[in-house]
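Architecture at a glance
If you want the building blocks of each chain, they are given just below.
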Amino acid sequence: MKKAYKIFVLVTLLLVSIPAFADWRFGINVSYENTGAEWEEEGKRLGVSNIDGFNIGPSVAYEAIEDYLDIKSGINFAYNGFTIQDNAIFGKNHKLTIEETIRLYYLQFPLYVVGKLPIKEASLLLEVGPIFAAGVGGKAVATLKTEEEMVTGENNELFKDVLDPFNCSIHFGIGAEYMGARIIVGYNLGVYDIMKDPDNKITTDGFFVSIGYVFDFD
């Protein structure tokens, strides 16, 4: 949690100080995410399915090179997660299914370099950079099914018991901006193991589609 706090302070200082000496634009972004994870248990990769997620929040873009390069930051509230499922036969005509859905809530602090290629009134965009995240809530719902019964259990304290609240991924996006409106599609690649158990490894990832609007105060 100390790492997340330091990142929050750093991003806050950037948001406050950089506009004082650089051209800047304020924006708002909403993203649909199809999120999942890479999960290894004792070196064996487990099957993971994606679930629908989203993030929303304000952004500030700093014009480093006029019309061609921005530095973009902000803060987002994000919902993501993934599902795992396993099947087994433990006797004649006895089938067992275990399914677990992990839902995670984060405050995200992105820091992107945004390349821009002006084309008349529009610009093609290419953005890349890290997303630092602080976990603020998590829930796991596990369901065990047999032919005779179904049992469900929950854990609402994932970041206390199981997962590291700090997370980091690398954002890759491509899109366009026209008269302040922008759309970006891409992929967030997980680079940080969020599992506290040393015998397990989880990195989160997912595709996204982001729409937003940027206000120019020049």
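Some remarks on the overall build of the chain
Within the chain one finds 2 helices and 11 strands. Mapped from its N terminus to its C terminus, the chain presents α and β elements in the order α-β-β-β-β-β-β-β-β-α-β-β-β. When each of the 218 residues of the chain is scored for burial, the buried share is 41%. A separation threshold of at least 6 residues defines the contact pool for the chain, and within that pool the share at least 24 residues apart is 64%. Of the accessible surface of the chain, which amounts to about 12300 Å², a share of 62% is contributed by carbon and sulfur atoms.

Describing the packing of aromatic side chains
Within the structure shown, the criterion is met by 10 aromatic pairs. Between Phe-26 and Phe-215, the ring centres sit 6.3 Å apart and the planes meet at 25°, which makes this aromatic pair stacked. Within this pair, whereas Phe-26 is found in strand β1 (residues 24–41), its partner Phe-215 is found in strand β11 (residues 200–216), the two being separated by 189 residues in sequence. Judged by relative accessible area, Phe-26 falls into the partly exposed class, the value being 32%. With centroids separated by 5.8 Å and ring planes inclined at 20°, the aromatic side chains of Phe-54 and Tyr-79 adopt a geometry described as stacked. Of the two residues, Phe-54 is situated in strand β3 (residues 48–65) and Tyr-79 in strand β5 (residues 76–91); the sequence distance between them amounts to 25 residues. For Tyr-79, a relative accessible area of 12% corresponds to the buried category. Site record: aromatic cluster; members linked through ring pairs are Phe-54, Phe-77, Tyr-79 and Tyr-105.

Observations concerning the nonpolar core
Within soluble globular proteins, side chains that are nonpolar generally end up buried alongside one another. Counting 16 residues, the largest nonpolar core has Phe-82, Leu-104, Tyr-106, Leu-163 and Ile-202 as its most contacted members. At the level of elements, β1, β5, β6 (94–119), β7 (122–145) and α2 (158–161) are the ones that each hand at least two residues to this core. When near neighbours in sequence (up to four residues on either side) are disregarded, Ile-202 contacts Ala-37, Glu-38, Trp-39, Phe-82, Tyr-192, Asp-193, Ile-194 and Met-195. Counting 6 residues, the second largest nonpolar core, distinct from the first, contains Tyr-112, Val-114, Leu-125 and Ile-184.

Thoughts on a negative patch on the surface
A cluster of acidic residues, Asp-23, Glu-66, Asp-67 and Asp-216, forms a negative patch at the surface. Turning to its location among the elements, Glu-66 is positioned in the loop between β3 and β4 (69–74). Given a relative accessible area of 57%, Glu-66 falls into the exposed group.

Notes on unusual backbone geometry
The phi dihedral of Asp-67 falls on the positive side, at around 70°, and the residue is not glycine. Within the secondary structure, Asp-67 sits in the loop between β3 and β4. Look at Asp-67 and you get partly exposed, because its relative accessible area is 42%. Unlike most non-glycine residues, Lys-120 shows phi in positive territory, near 55°. As for its position among the elements, Lys-120 is in the loop between β6 and β7. Residue class for Lys-120 comes out exposed when judged on its relative accessible area of 86%.

A short note on the pairing of strand β9 (residues 166–178)
In the sheet, β7 pairs with β9 via 13 bridges, with the strands oriented antiparallel. Bridge pairing in β9 links Ser-123 to Glu-177. As paired strands, β9 and strand β10 (residues 181–190) are joined by 10 bridges and run antiparallel to one another. Looking across to β10, one finds that Gly-175 is bridged to Ile-184. What sits between the antiparallel neighbours β9 and β10 is a turn of 2 residues, in which Met-179 has the positive phi angle 50°.

Some remarks on the pairing of β11
Pairing between β1 and β11: 17 bridges, direction antiparallel. What sits directly across from Ala-37, in β11, is Thr-204. The pairing of β10 with β11 spans 8 bridges and is antiparallel. Within β11, the position partnered with Val-185 by the bridge is Val-209.

Each value, and the rule that gives it
- Residues numbered from 1 in each chain as written.
- Predicted model: local features only at pLDDT ≥ 70, side-chain atom pairs only at ≥ 80, totals over all residues.
- Heavy atoms only, no water.
- Helix = DSSP H or I, 4+ residues; strand = E, 2+ residues; numbered from the N terminus.
- Buried < 20%, exposed > 50% of the residue type's maximum accessible area, 1.4 Å probe, protein only.
- Contact = heavy atoms within 4.5 Å.
- Areas by Shrake-Rupley, 256 points an atom, 1.4 Å probe, with all protein chains shown as cover.
- Phe/Tyr/Trp six-rings, centres within 6.5 Å; stacked < 30°, edge-to-face > 60°.
- Core = buried A, V, L, I, M, F, W, Y, C linked by side-chain atoms within 4.5 Å.
- Patch = residues over 30% accessible without salt bridge, like charges linked within 9 Å, V, L, I, M, F, W, Y side chains within 5 Å.
- Salt bridge = Lys/Arg side-chain N within 4 Å of Asp/Glu carboxyl O.
- Lys, Arg positive; Asp, Glu negative; His and termini not counted.
- Charge placed at Lys NZ, Arg CZ, Asp CG, Glu CD.
- Pairing = 2+ DSSP bridges.

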